[in-house]
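Structural description and commentary
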Amino acid sequence: MKTLWNILVVDDEEAMCESMAAWLREDGYKVDTAFSGKQAVELARQKPYAICFMDLKMPGGMDGIETMMELRRINPDTAVIIITAYATVDTAIAAMKEGAQEYM
């Protein structure tokens, strides 16, 4: 039997967030979406997520790395995958150092 994890998709660009969530839902996963780091943290306090796909650059005071750090404080077992169009060596190192499973 296929394990169906709770997945959280976080991206300030609603179209990107919803399209990734729809793709995962088509495969049968339970997916919630958040359009800011703050909203992601609020959702993570309500239920545990096995995986979080997160944009790196988000406005509103919490970028992807800061949000990831807070999510992992709430649930250390959450696997975080950082996705960005603005990759740099510095942000890749910071993300992996703080516990990201992947950086794309």
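The coordinates are above.
Quick caveat, the model's predicted, so the values are computed rather than measured. (Residues numbered from 1 in each chain as written. Predicted model: local features only at pLDDT ≥ 70, side-chain atom pairs only at ≥ 80, totals over all residues. Heavy atoms only, no water.)

Structural notes on the sheet that holds strand 3 (residues 51–55)
What the five strands build is an open sheet, ordered 2-1-3-4-5; its pairing is parallel. At either margin of the open sheet sits one strand with a lone partner, and together these are strand 2 (30–34) and strand 5 (102–103). Note: strand 3 against strand 4 (residues 79–83), five bridges, orientation parallel. Its bridge partner lying in strand 4, Asp55 is registered against Ile83. Sheet strands in contact with helix 1 (residues 14–26) are strand 1 (6–10), strand 2, strand 3 and strand 4, and its direction is about 175 degrees off that of strand 2. Of the strands in this sheet, strand 1 and strand 2 touch helix 2 (residues 37–46), which is tilted by about 140 degrees from strand 2. (Pairing = 2+ DSSP bridges. Helix = DSSP H or I, 4+ residues; strand = E, 2+ residues; numbered from the N terminus. Contact = heavy atoms within 4.5 Å. Axes fitted to C-alpha atoms, helices over the stretch in contact; angles between N-to-C directions.)

A short note on the side chain of Asp55
Along the chain, Asp55 turns up in strand 3. Buried charge without a partner: Asp55 forms no salt bridge, and the closest opposite charge is Lys57, 9.1 Å away. Asp55 has contacts with Val10, Asp11, Asp12, Gly64, Ile83 and Thr84, leaving out every residue within four places of it along the chain. (Buried < 20%, exposed > 50% of the residue type's maximum accessible area, 1.4 Å probe, protein only. Lys, Arg positive; Asp, Glu negative; His and termini not counted. Salt bridge = Lys/Arg side-chain N within 4 Å of Asp/Glu carboxyl O.)

Notes on the pairing of strand 4
Following the chain from strand 3 across helix 3 (residues 64–74) to the adjacent parallel strand 4, one finds a crossover that is right-handed. In the sheet, strand 4 pairs with strand 5 via two bridges, with the strands oriented parallel. Note that in strand 5 the partner of Ile82 across the bridge is Tyr103. A crossover connection joins strand 4 to the parallel strand 5 through helix 4 (residues 89–97); in handedness this β-α-β unit is right-handed. (Right-handed = clockwise from strand over helix to strand, strands pointing away.)

Regarding the pattern of salt bridges
Tallying each qualifying case throughout the model produces four salt bridges. Glu70 is paired through a salt bridge with Arg73; the nearest N and O atoms lie 3.1 Å apart. Residue Glu70 and its partner Arg73 are both found in helix 3; the two are separated by three residues, about one turn of the helix. Residue Arg73 is classed as exposed on the basis of its relative accessible area, which comes to 57%.

A short note on the environment of Ala15
Mapped onto the elements, Ala15 comes out in helix 1. Residue Ala15 is classed as exposed on the basis of its relative accessible area, which comes to 63%. In this structure the C-alpha to C-alpha distance between Ala15 and Ile82, which are 67 residues apart in sequence, comes to 17 Å.

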